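Below, each chain spelled out in residue letters.
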Amino acid sequence: MSSDHHGLEALRHSASHILAQAVKRLYPEVKLGIGPSTDTGFYYDFDREISFVPEDLEKIQEEMKNIVKENLPIEKKEVFRDELRKLLEEQGETYKLELLKEIPEGETISLYTQGDFSDMCKGPHVASTGEVRFFQLLSLAGAYWRGKETNPMLQRIYGTAFFDKKELKQYLLMLEEAKKRDHRKVGKELKIFTFEEQVGAGFPIWLPKGATLLGMIEDYDKKKHIEAGYQEIRTPHLGLVDLWKTSGHYYHYLDTMFPPMERDNQVFMVKPMNCPFHLTVYKNELRSYRELPIRYFELANVYRYEKSGVLHGLLRVRSFEQDDAHVFCTPDQLESELNNIREFSIQLFKDFGFTDLHIFVSIRDQEHIDAGKYAGDPQQWDHIEKEFISIVERMGIPYQIDPGEAKFYGPAIDIKVKDALGRLWQCTTIQVDFNLPKKFGLTYIGEDGAEHTPYMLHTATLGSMERFIAILLEQYAGNFPLWISPLQVRIIPISDDVLPYAREICTVLRKQNLRAEVDENNERMNAKIRKGEIEKIPYLLVVGKNEAESQTVSVRKRHRENLGSMSLEEIMNRMHQEIDEKTIF
RNA sequence: GCCCAUGUAGCUCAGUAGGUAGAGCGCAUCCUUGGUAAGGAUGAGGUCGACAGUUCAAAUCUGUCCGUGGGCUCCA
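This structure is a prediction, so every number in the text was calculated from the model and none was measured.

### Here's the deal with the pattern of salt bridges
Applying the stated criterion to the full structure yields 39 salt bridges. Among the ionic pairs, Glu 29 bridges to Arg 48, the shortest N-O distance being 3.4 Å. Taken as a pair, Glu 29 in the loop between α1 (5-26) and β1 (31-32) and Arg 48 in the loop between β2 (42-47) and α2 (54-70) lie far apart in primary sequence, 19 residues in all. We note a salt bridge from Arg 295 to Glu 337, for which the minimum N-O separation is 2.9 Å. In this pair, Arg 295 is assigned in strand β14 (residues 294-303) and Glu 337 in helix α11 (residues 334-351), connecting sequence segments 42 residues apart. Overall, Arg 295 belongs to the buried group, its relative accessible area being 16%.

Right, here's the structure in full:
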């Protein structure tokens, strides 16, 4: 038994066949879709009049266990097309027949059989059902047949399987842990953000704690951009519709833009992105090659009409803030600018505690070319893509190609960060654009005295603030590093007589730019400490008569760490150091 | 947008043979002034997501819409 990736794939693929077999045994009327393995497990799609319910999943899982116990050999057989067609017709497997039709003539067709069940399949599989010992069905969902919106909706059953019990258990534990630190849950508990039905789906509201957190991130992000040579600009939330027609967004993304507004014969739209505005800023003056690269930066709210079904906490919203930047440069500067941005991103994420970054290069693919997704001259595309990839090659870092993921105006580098649970989140995007500058008539005067069109780079480093905060919440489960904690320290007076002392300390801390407050509730100290821990406040300063007399504080660090008593100055120094060093704890 | 599930006090949730609602936390008031994860008592909060329909009677049944969740499709 091998536990390499390929082996795991076969194991999971076999698990999906066992799932289908179990479903067929229990519900013979069900028609089969497809059932592949995935990165994290497997699924199988079924067509059945009645919807599966969670209790069905238990029954199916039990039947799967039986099939495993029966230890049926999984046998591969090459079959003739006509023979298989006849069989599938008899069984009424219309979806399988559709697949069969698409297999080119002359290609061998294989059938995998295990006991009373056969499935047309390329494989590979494990040798017998008995090998699939550690599996778990996980969830039920709808899925379009062959992933096409216009096709019927099938019922998908998800599961996972591993070679060893420990790995399965670990995976299930990870899922549980992910649920526990779900940003929607933690964000509510810590009063970071909320959504209100009255306001509308997909419009996040930052509560005071969240606004503080957001503010810290914004300030830092802005400071770093300015250090890196960006100039901050500010642009309106609305613009004339022609702006979007010129950019082409109107034609590519009308469905995801909020509808136009008309007044006095003029049509306005709410911005779904900032690029056109930044292009106009560039155009505001005549540019020389000596000025380039020009780097504009804006913390800007944008609005996109995302379909109702895709909204998901802070990860997918209809109103969000981007740390959006655009770099205008000469073709010669492309490589160094790409490198700058990449390094900038790595640095910024490191400060927030993310060190494992993965690079993805998005280029065109035939399917999307045929669908007319990409704007501009195909030859220029070929040229840019080639250059783009060679630049990434020269960066000397591992990367993956994402075919079909290029933007309509050019190829892109996307940087994904890996979080504490090993999950990848897309954050930074760097997009090369050789289309919009032309469309907007951007030029610079070159060394030769002639007009040239600059390249444009679109980049968002943290991406969307909403999304980034969601990722931070999940990464730290709300236990933020001190420097971004909305509330950094709470003072806990033991009795009312020390309230004046507690307030005095609070004033000092606040004057030192520390986010502090006093818990003045009529509660026992124990209850206040419990509350402070639940709220995940980094530092609790307990003060009673002893502290008031000796002008000290008793310091308790988040997670039960009693650091004993120290002077106010001592704890402030300690906190300032942690803030400066962005310590993670 | 599509399939399925779901929506009861600020929060987490009970409440099935339809008969106008409960708990814990939180909140308020009072008592208590306490050394590192919950001191006690009393009390105020809900037209049971919205709107229609069935019924003598709807939180409970039906429909539509809205929100939320798991996915699919999508993500400039």
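### Some points on the side chain of Glu 547
By secondary structure assignment, the location of Glu 547 is in helix α18 (residues 545-550). The side chain of Glu 547 is buried and forms no salt bridge, while Lys 545, the nearest opposite charge, is found at 10 Å. Those residues in contact with Glu 547 that sit more than four places away from it in its chain are Tyr 501, Val 542, Thr 552, Val 553 and Ser 554.

### Quick notes on the protein's contact with RNA strand B
If you check the shell around RNA strand B, you find 52 residues, and the closest are Tyr 144, Ile 494, Arg 530, Glu 547 and Ser 554. The share of sugar and phosphate among atoms of RNA strand B within 4 Å of the protein is 46%. Within the side chain of Arg 316, a nitrogen or oxygen atom sits 2.7 Å from a base oxygen of RNA strand B. A distance of 2.8 Å separates a base oxygen of RNA strand B from a polar backbone atom of Asp 496. Taken together, the elements giving at least two residues each to the surface near RNA strand B come down to β6 (134-144), β7 (153-162), α6 (183-189), α9 (249-253), α17 (525-534), α18 and β26 (552-557). Taken together, the residues that form the surface near RNA strand B break down as 16 nonpolar, 18 polar and 18 charged.

### Side note on the sheet that holds strand β23 (residues 489-493)
A sheet is described by the order of its strands in space; here five strands give the open sequence β24-β23-β25-β26-β27, paired in mixed fashion. Strands with a single pairing partner mark the edges of an open sheet, and in this sheet they are β24 (516-518) and β27 (561-567). Strand-to-strand twist of the sheet, defined as the mean angle between neighbouring strand axes without regard to direction, takes the value 25 degrees. In terms of strand pairing, strand β25 (residues 539-543) meets β26 through four bridges, oriented antiparallel. Considered in β26, the bridge of Val 542 is made with Ser 554. Contacts from α17 reach β23, β25 and β26 within the one sheet, and its direction differs from that of β23 by about 170 degrees. With respect to the sheet, helix α19 (residues 568-581) is in contact with β23, β25, β26 and β27, its orientation differing from that of β27 by roughly 125 degrees.

### Comments concerning the state of the cysteines
Here is the idea: a disulfide is a covalent bond, and it sits between the sulfur atoms of two cysteines. Going through the model one piece at a time under the given rule, you end up with zero disulfides. With no disulfide of its own, Cys 329 lies 15 Å from the sulfur of Cys 275, the closest cysteine sulfur. For Cys 329, a relative accessible area of 0% corresponds to the buried category.

### A short note on the packing of helix α7 (residues 208-227) against α11
Two elements in contact, α7 and α11, have axes whose closest approach is 12 Å; the angle formed by their N-to-C orientations is 150 degrees. On the basis of their axis angle, the class for α7 and α11 is roughly antiparallel. The handedness of the crossing between α7 and α11 comes out as right-handed. When α7 is examined against α11, the residues Tyr 220, Asp 221, Lys 224 and His 225 are found in contact with a partner set consisting of Phe 344, Leu 348 and Asp 351. Among the residues making up the contact of α7 with α11, the classes are represented as three nonpolar, one polar and three charged.

### Looking at the nonpolar core
One finds Ile 217, Phe 352 and Leu 509 to be the most contacted residues of the largest nonpolar core, which totals 82 residues. Element by element, the count of residues in this core is highest for helix α15 (residues 465-476), at eight residues. Leave out the neighbours within four places in its chain, and Ile 217 touches Phe 352, Leu 462, Met 465, Phe 468, Ile 469, Leu 472 and Ile 484. Membership of the second largest hydrophobic core comes to 33 residues, among which are Leu 19, Phe 52, Ile 74 and Ala 161.

### Some words on unusual backbone geometry
The amide bond that connects Gly 123 to the next residue, Pro 124, takes the cis arrangement and shows omega of -5 degrees. Relative to the helices and strands, Pro 124 resides in the loop between β5 (117-120) and β6. A positive phi angle, close to 50 degrees, is found at Asp 264, a residue other than glycine. Looking at the element boundaries, Asp 264 is found in the loop between β12 (261-263) and β13 (266-270). The phi dihedral of Asn 513 falls on the positive side, at around 65 degrees, and the residue is not glycine.

### Things to note about the sheet that holds β7
Across the sheet, four strands lie side by side as β1-β2-β7-β6; this open sheet has antiparallel pairing. The outermost strands of the open sheet, each flanked by one partner alone, are β1 and β6. As judged from the two bridges shared by β1 and β2, these two strands associate in the antiparallel manner. Across the sheet, the residue bridging to Lys 31 is Asp 47, located in β2. Strands β2, β6 and β7 of the sheet are contacted by α2, whose axis makes an angle of about 135 degrees with β6. Against the sheet, helix α5 (residues 165-180) touches β6 and β7, its axis set at about 45 degrees to β6.

Conventions we followed
For every chain, the first residue of its written sequence is number 1, and the numbers climb from 1 along that sequence. To label them, take the chains in the order written and letter them from A, then take the ligands in the order written and number them from 1. Local features in this predicted model are restricted to residues of pLDDT 70 or higher, and side-chain atom pairs are both shown and tallied only at a pLDDT of 80 or more, whereas totals for entire chains, interfaces and linings draw on every residue. Note that water and hydrogens are dropped before the side-chain values are worked out from all heavy atoms of the structure. For salt bridges, the criterion is a side-chain nitrogen of Lys or Arg within 4 Å of an Asp or Glu carboxyl oxygen. A helix here means a DSSP run of H or I that spans at least four residues, while a strand means a run of E at least two residues long, and both kinds are numbered starting from the N terminus. Exposed residues in this analysis have more than 50% of their type's maximum accessible area, buried residues have under 20%, and partly exposed residues fall in between, with area computed by a 1.4 Å probe over protein chains only. Positive residues here are Lys and Arg, negative ones are Asp and Glu, while His and the chain termini are left out of the count. Contacts: residue pairs with any heavy atoms within 4.5 Å of one another. Summary of the distance rule: residues count as near a molecule or strand when at least one heavy atom falls within 4 Å of that molecule or strand. Any pair of N or O atoms that falls within 3.5 Å is considered a polar contact. Within protein, one atom must be able to donate a hydrogen and the other to accept it, and sequence-neighbouring residues count only if both atoms are side-chain atoms. Under the grouping applied here, Gly and all other residues not named as nonpolar or charged are polar, the nonpolar ones being Ala, Val, Leu, Ile, Met, Phe, Trp, Tyr, Cys and Pro and the charged ones Asp, Glu, Lys and Arg. Pairing between two strands requires that DSSP report at least two bridges joining them. The axes used here are C-alpha line fits, helices contributing only the stretch in contact, and every angle between their N-to-C directions lies in the interval 0 to 180 degrees. The disulfide criterion is simple: two cysteine sulfur atoms within 2.5 Å. Roughly parallel here means an angle under 35 degrees, roughly antiparallel means over 145, roughly perpendicular means 65 to 115, and every remaining angle is called oblique. Left-handed describes a crossing whose near helix is turned anticlockwise from the far helix through less than a right angle; right-handed describes the clockwise counterpart. By nonpolar core we mean a set of buried residues, namely Ala, Val, Leu, Ile, Met, Phe, Trp, Tyr and Cys, connected to one another through side-chain atoms within 4.5 Å.

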